[in-house]
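Summary of the model geometry
So the chains spell out like this:
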Amino acid sequence: MKPTDRCGTCGVPVGISRTMTWTDEGLIRQRRDPAHRMIFFESENLDRLWETMCSELGVTREHLWEIVIAAKSRATRAFLKRSLPWYLNTVSRLVGYRAMIRTIELQGLAMGYGKITVGGQFPERGRPRRITVYIEDPYSVPLFCGDFKGAAEVLERRAAGITYQALDSRRHQIEVALGEEKLEEEEFRVDGEKMARSCGVAYMRCVECGAPMDLQEFEWDLETGIIREKETGRRLAFFGTPGLKAVFGELVHELGERVIDIIVDGERRNTLASMTHEEARGGPELLRKKAALRGLGYLEEFSLQDDTLRVSMCNPAVDPYLVGLALGVYELMTGKYGRATWSREEDFLNIEIKP
Ligand SMILES: [Zn+2]
């Protein structure tokens, strides 16, 4: 079955249920590489986030994207190196990039990344020096560039450079040029997620493919590679948390701690724009369910007393995202702008919000 074939019972693409599993820890893990954690998250705010960082920190888009692409490609490299079937390196030499990229293309449609098509490679046969792809409605241009660069680097074991240009408002052309420099073994390593705490999250699962039945709240358009929440129309995609953490970590390293404030505030705004009052006031059970389905972790505590909101998240995914989310929910619930303090304690992220 192709990644874009749908389960006959629940309709979720097999590219999702076959490659990922929703665990009782409130996590989404890659089946082939369980240390690789994923989140299923709103994607449209990402490119907005990069723009905000550029204007707030006074850096050019080129510079910021360069940092994002470099960090994402390192994470992709490490992930693919660990998880690609052993024969792919050999096979790719024989069948060429088209077959390999065809697989990435189909998987990308199922993951909500947009529609990827291969342009061409130069020279046409043998080891490529340049490869062109087109992507329509990308989930994020710089993250996709990082993925593509990382994939080429894993197959060729050589460093690659990347160029990109917008063709129109939806389509982008991206070209990878492979260099001569050999990549060393340590350039394929990145920290995976350690084991997480079991939290007893239970799902109604599809009897045929095992995916949570709640995924039926989303609509997969497998022609365009766009996943939307049926009720709100919000677009989502699957992101690897090691990749996101690597990108955010590198941005902090290069541009300073203010990056974290911008991510938190971006996510707060995003929550305000996309979440309804009913959802925010739906109580801990509803928020717990939504958080786990997105792979964000298990919402252990969520209590609003007087004007103070206390949130404790077990196995938290990406801390600044969760703090921003909590701030947004707080604002929707109380009508007040909140200030957050947060700390990590073993497997828990504890957030306190006051007006
Ligand atoms: Zn199913």
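Residues numbered from 1 in each chain as written. Predicted model: local features only at pLDDT ≥ 70, side-chain atom pairs only at ≥ 80, totals over all residues.

Remarks on the overall build of the protein chain
Looking only at helices and strands, the protein chain has ten helices and 14 strands in total. Among the 355 residues that make up the protein chain, the fraction classed as buried is 41%. Contacts spanning at least 24 positions in sequence make up 63% of the contacts within the protein chain whose residues lie at least 6 apart. (Helix = DSSP H or I, 4+ residues; strand = E, 2+ residues; numbered from the N terminus. Buried ≥ 20, exposed ≤ 12 C-beta atoms within 10 Å, placed from the backbone. Contact = placed C-beta atoms within 7 Å.)

Things to note about the domain arrangement of the protein chain
Each assigned domain of the protein chain is listed here: domain 1 (1–256) and domain 2 (257–354). On the domain 2 side, the residues contacting the 32 residues of domain 1 number 23 residues. Within the residue set of the side of domain 1 that touches domain 2, elements represented by two or more residues are strand 3 (37–42), helix 2 (44–57) and helix 6 (241–255). The element contributing the most residues to the side of domain 1 that touches domain 2 is helix 6, with seven residues. Among the residues making up the side of domain 1 that touches domain 2, the classes are represented as 18 nonpolar, six polar and eight charged. (Domains from an automatic or database assignment. Nonpolar A, V, L, I, M, F, W, Y, C, P; charged D, E, K, R; others polar.)

Observations regarding the environment of Arg-269
In this structure, Arg-269 sits in helix 7 (residues 258–274). Owing to 18 C-beta atoms within 10 Å, Arg-269 belongs among the partly exposed residues under this scheme. Along the backbone, Arg-269 and Arg-339 are 70 residues apart, and their C-alpha atoms lie at a distance of 14 Å.

Here's the deal with the pairing of strand 5 (residues 130–136)
Only one face of strand 5 is covered, namely the face carrying Ile-131, Val-133 and Ile-135; the face carrying Arg-130, Thr-132, Tyr-134 and Glu-136 is uncovered. Here strand 4 (residues 115–122) pairs with strand 5 via seven bridges, running antiparallel. The partner of Thr-117 across the bridge, within strand 5, is Tyr-134. The sheet contact formed by strand 5 and strand 7 (residues 171–182) spans seven bridges and is antiparallel. Note on strand 7: the bridge partner recorded for Thr-132 is Glu-175. (Pairing = 2+ DSSP bridges.)

A look at the packing of helix 6 against helix 7
Taken N-terminus to C-terminus, the directions of helix 6 and helix 7 make an angle of 135°; their axes are 8 Å apart at the nearest point. The angle between the axes of helix 6 and helix 7 places the two elements in the oblique class. Between helix 6 and helix 7, the residues in contact are Phe-248, Leu-251, Val-252 and Leu-255 and Val-259, Ile-260 and Ile-263, respectively. Taken together, the residues of the contact of helix 6 with helix 7 sort by class into seven nonpolar, no polar and no charged. (Axes fitted to C-alpha atoms, helices over the stretch in contact; angles between N-to-C directions. Parallel < 35°, antiparallel > 145°, perpendicular 65-115°, else oblique.)

Brief notes about the sheet that holds strand 14 (residues 348–354)
Read across the open sheet, the four strands follow the order 11-12-14-13; overall the sheet is antiparallel. The sheet is open, and its two borders are formed by strand 11 (298–305) and strand 13 (339–345), each paired with just one other strand. Looking at each pair of strands side by side, their axes are set apart by 10° on average, direction ignored. Judged from the seven bridges that link them, strand 11 and strand 12 (residues 308–314) form a sheet pairing that is antiparallel. Bridge assignment links Gln-305 to a residue of strand 12, and that residue is Thr-308.

What to know about helix 2
For helix 2, built from 14 residues, the straight-helix expectation of 20 Å at 1.5 Å per residue is met to within 8% by its first-to-last C-alpha distance of 21 Å. Turning to helix 2, its buried residues are Asn-45, Leu-46, Trp-50 and Met-53. In an axial view of helix 2, the angular spread of the buried residues amounts to 145°, which keeps them on one side of the axis. Seen from the open side of helix 2, the exposed residues pointing more than 90 degrees away from its buried face are Arg-48 and Ser-55. In the segment just after helix 2, Gly-58 is the residue with positive phi, at about 65°. (Expected span 1.5 Å × (residues − 1). Arc of directions from axis to C-beta.)

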